[in-house]
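This is what each chain is made of:
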Amino acid sequence: MQPGDREYIKKNNHQTLTISAISVLLAFSVPLWLNLPFKKDEMGAPILQGLLTVSGGLVLLLTFMENRRKNDIDELKNLDESIQKLHTNRHERNTKSIELMFSSNTPAAVSAVYSLCNIADEWANEATNSENENSHKEAQSIINVLCTYIREYGKEQENPPQQEIYNKLVCKTILEELSNRLNILDKGYSKWNDYKINLKGTTFTFPIELEKIGNTNNIDISECTFKDNLRITIAADKNSDTDSNETESRVLSLEGCVFNSSVSIGGNVGAEISEINLQNTHFKEKSRLKVCNLSFKDSPSPSTSEPSTHSIYIHGTQPHEMVFSDLSDAAIVVGQKYDSRDPNNSGAIQYTTIQGNILIEQCDDTSFEIPDRHTFNGEINIFCSQKNINEIKMNDCILKKKVIIKAANIKEMGFTDTKFNRGLDTDCSEKIETLTACDAFFYINGSISHQGVDLINSKSKVTIKTKYITLLNLNGTNFYTPLILEVTEIEKMEARETKFHVKPDLSKTKTIKNHDFLNCEYYDSNQKKYIPLTHP
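Chemist: Outline the overall build of the protein, listing residues and values.
Modeler: The helix and strand tally for the protein stands at six helices and 32 strands. Counting only residues that meet the buried cut, the protein has 45% of its 536 residues in that class. Put simply, 50% of the contacts in the protein that link residues at least 6 apart link residues at least 24 apart. When the accessible surface of the protein is summed, it comes to about 27,000 Å², and 49% of that surface belongs to carbon and sulfur atoms.

Chemist: Describe in detail the sheet that holds strand β29 (residues 499-500), supporting the description with residues and values.
Modeler: Taken in spatial order, the nine strands make up an open sheet running β16-β19-β21-β23-β25-β27-β29-β31-β32, and their pairing is mixed. Strands at the two margins of the open sheet, each flanked by one partner only, are β16 (352-354) and β32 (529-532). Taken together, the three bridges between strand β19 (residues 374-376) and strand β21 (residues 397-399) define a ladder with parallel strand orientation. Looking at the pairing, Thr375 lines up with Ile398 of β21.

Chemist: How would you sum up helix α4 (residues 133-153)? Please name residues and give values.
Modeler: Under the 1.5 Å per step criterion, the end-to-end length of α4 is 30 Å for 21 residues, consistent within 8% with the ideal 30 Å. Among all positions in α4, only Ser135, Glu138, Ala139, Gln140, Ile142, Ile143, Leu146, Cys147, Tyr149, Ile150 and Arg151 are buried.

Chemist: Give a description of the environment of Ser141 that names residues and reports values.
Modeler: With respect to the helices and strands, the residue Ser141 is situated in helix α4. For Ser141, a relative accessible area of 32% translates into the label partly exposed. Once the C-alpha coordinates of Ser141 and Lys196 are considered, the two residues, 55 residues apart in sequence, prove to be 9.9 Å apart.

Chemist: Got a sec to walk through the pairing of strand β11 (residues 275-283)? Specific residues and values, please.
Modeler: Across the nine residues of β11, seven count as buried, placing the element largely inside the fold. Of the pairings in the sheet, the one linking strand β7 (residues 251-253) to β11 comprises three bridges and is parallel in character. Residue pairing across strands places Ser253 opposite Asn277, the latter belonging to β11. Across two bridges, strand β8 (residues 258-259) lies against β11 in parallel orientation. Note on β11: the bridge partner recorded for Val258 is His282.

Chemist: Describe helix α3 (residues 106-130), with residues and values.
Modeler: Its 25 residues place the ends of α3 36 Å apart at the C-alpha level, agreeing with the 36 Å of an ideal helix rising 1.5 Å per residue. Just past α3, the residue Glu131 takes up positive phi, approximately 55°.

Chemist: If you had to explain the pattern of salt bridges to someone new, which residues and values would you point to?
Modeler: Under the definition given, this model contains 18 salt bridges. In this structure, Lys492 engages Glu494 in a salt bridge whose closest nitrogen and oxygen atoms are separated by 3.2 Å. Classification of Lys492 as partly exposed rests on a relative accessible area of 36%. Owing to a relative accessible area of 15%, Glu494 belongs among the buried residues under this scheme. Several salt bridges share partner residues, and in doing so they unite Arg90, Arg93, Glu122 and Glu126 into one network.

Chemist: Describe the nonpolar core, listing the residues and the values that go with them.
Modeler: The nonpolar side chains of a soluble globular protein tend to be buried with one another. Core analysis: the largest hydrophobic core is formed by 114 residues, its most contacted members being Trp192, Leu294, Leu327, Phe368 and Phe415. Among the elements that line this core, the one with the most residues is α3, at 11 residues. Beyond its immediate chain neighbours, meaning those up to four positions away, Leu327 contacts Val291, Cys292, Asn293, Leu294, Phe296, Ile312, Ile332, Gln362, Cys363, Asp364 and Thr366.

Chemist: Describe the environment of Asn357, and please don't skip the residues or the numbers.
Modeler: Structurally, Asn357 can be placed in strand β17 (residues 357-361). A relative accessible area of 26% means that Asn357 is categorised as partly exposed. Considering only alpha carbons, one finds Asn357 and Phe376, 19 residues apart in sequence, at a separation of 8.8 Å. Here Asn357 is in contact with His320, Glu321, Met322, Phe376, Gly378 and Glu379, once residues within four sequence places are set aside.

Chemist: Would you mind going over the packing of aromatic side chains in detail, with residue names and values included?
Modeler: Here the structure, examined in full by the defined rule, presents 14 aromatic pairs. Site record: aromatic cluster; members linked through ring pairs are Phe204, Phe206, Phe226, Phe259 and Phe283. For Arg181, the ring lying beneath its charged end belongs to Trp192, and the centroid distance is 5.1 Å. Above the ring of Tyr530, the side-chain terminus of Lys499 is found at 4.9 Å from the ring centroid.

Each value, and the rule that gives it
Residues numbered from 1 in each chain as written. Predicted model: local features only at pLDDT ≥ 70, side-chain atom pairs only at ≥ 80, totals over all residues. Heavy atoms only, no water. Helix = DSSP H or I, 4+ residues; strand = E, 2+ residues; numbered from the N terminus. Buried < 20%, exposed > 50% of the residue type's maximum accessible area, 1.4 Å probe, protein only. Contact = heavy atoms within 4.5 Å. Areas by Shrake-Rupley, 256 points an atom, 1.4 Å probe, with all protein chains shown as cover. Pairing = 2+ DSSP bridges. Expected span 1.5 Å × (residues − 1). Salt bridge = Lys/Arg side-chain N within 4 Å of Asp/Glu carboxyl O. Core = buried A, V, L, I, M, F, W, Y, C linked by side-chain atoms within 4.5 Å. Phe/Tyr/Trp six-rings, centres within 6.5 Å; stacked < 30°, edge-to-face > 60°. Lys NZ or Arg CZ within 6 Å of the ring centre and 35° of its normal.

Now the structure itself:
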C-alpha cells in the first residue's frame, strides 16, 4: 500500500454505507412500485424474499469490505509511522556522519563519507521509486555537503602536514564515491546524474578520474586547479538513465581552470557531446591536452538558439601539446576569437602568441580554426587521410612552423593575410572545393632571403596535391619559397597581383580550365628579373 491510498480509503468509507442503505431500500421499494401484495401466497412475497436475500449478501460483502478498509487504514498508519521512523533515523545518521566527517579523526571521517553516500543513495532510490520531490531534495542536500567539504578543504591552506594528509584522504574518498555514482554503466551504485555536483574553484592535488559520465551539464568543475592528471570519459547517450530530453545539449565546461599536468577527455563507443568549453584556461609548461573518441552534435547558442560555431573552444595559456583524435563533426577553435578581443571593432588588436603543437588525426567532418591575429609557434599536423574536412581557417595569422594537411576531401581552406614561415604541405586524395590564400606570405625558412638556401630540398616549400580544385585563389600573395602544384584539374585559378619570387612548378598540373593571372609575375633566375606568368 502506498501513502497516496489514504484518500481512496476515505472515499470508500462513504461509498460502503451508501450502497448498503440503497440495497435495503430497493428490496422493499421494488414490490411496492410494482403494486404487488406481500401475503404468503401472493406474487410479491417471493420477490421480496429474493431481494432481501440479495441485499443481505450484498450487506455481508460490504461488511467484509468495510473490515478490509479498517485494516487498510491500520496498515496505512503503520506504514506512515514506519516511514517517519525511517526518515528520522536517516536524519539522525546524517547529522552524526557530518559531525564525524568534519572531525579530526581520519578513520571516522572516511567511514562517515561512506555513510553519507549510503544515506544519499537511500533518498535517491526513494525519489526514483516514488517520484517524491522531498526525497530528491534530501539526497541533493547530502551531495551538497560532500561537495562543500571538497571545495573548502581542497583550497590552498597553511595546515600542518598531518592535517593536509587527512584532508586529502577524505577528499579522495568523496571523489571516488562521487565518480562511482556518476558512472552510468556501473550497476553496483545508485545513479546521481540527476543531481548537481558543484566543485567549482576546487584545488585538486591528486589525479582525478571521472568515468563514463552521463549528464555532464550537472557537473561544475570550472575555475578548478588540477595539480595532477585529469581524465574524463563520457558515456554514450543510449546508455544514459537520466530523464533529460534527447535533444538537450551536453556541455562539459572547464572554463577558467588551471592544469599543471595532462588532461584527457574521451568517450566510449557512441558517445556524443555538444561542446567542450576550455575558455580562459591556463596550462602549465609541458602539460598536454587530448580529446578523443567523441561525436559532436549541434549545440544551440544561448543568445540566438542557432547552432554554435564551435564545439571545442580553447584559449588562454595553451598546453605544450594538443591532440584531437577520432572525432566527428567537431568544430575546433584554438585561440580567442577576434570579436571577443576587440568588441568595439577598433582594429588595434595585436597578435596573440599561442605555444605548443597541434595534432588532429582521423577526425571526420571536422573544422579547425585559429582566429585572426594570432602567432602560432608550434607545429600543425592534420592527418585525416581517409576522412573529410569541412573547413580549415587560419586568416591573418603568423605560423612559425610548417603546416601539414592530409585528408580525403576538403570543402574550404582559408589563409588570407597569413604569413607562413616554414611552408605548407597539402595532400588531399580526392578534392578541394575552395582554397583561398589572398595577400598571404610564404617565406623561406622564415625569411625573404634565398642566400645559402637549398631551394630544391627546402622544407619550407608549398605543396598542393589533389585530383581536383574548384577554386584556387592566390590573389596578391607573395611566394618567397617554391610552389609545387600537383593537381589533375583546376576549375578556376586566380593569381592577380601575385608575385612568385621563385619560379612555381606547375608542370604536374594537367588542366586549368579558367585562370586569371593579371599582373602575376615570377622571378626568372636566368634572366635575373621578374617576368609575367602565363598559362602553363
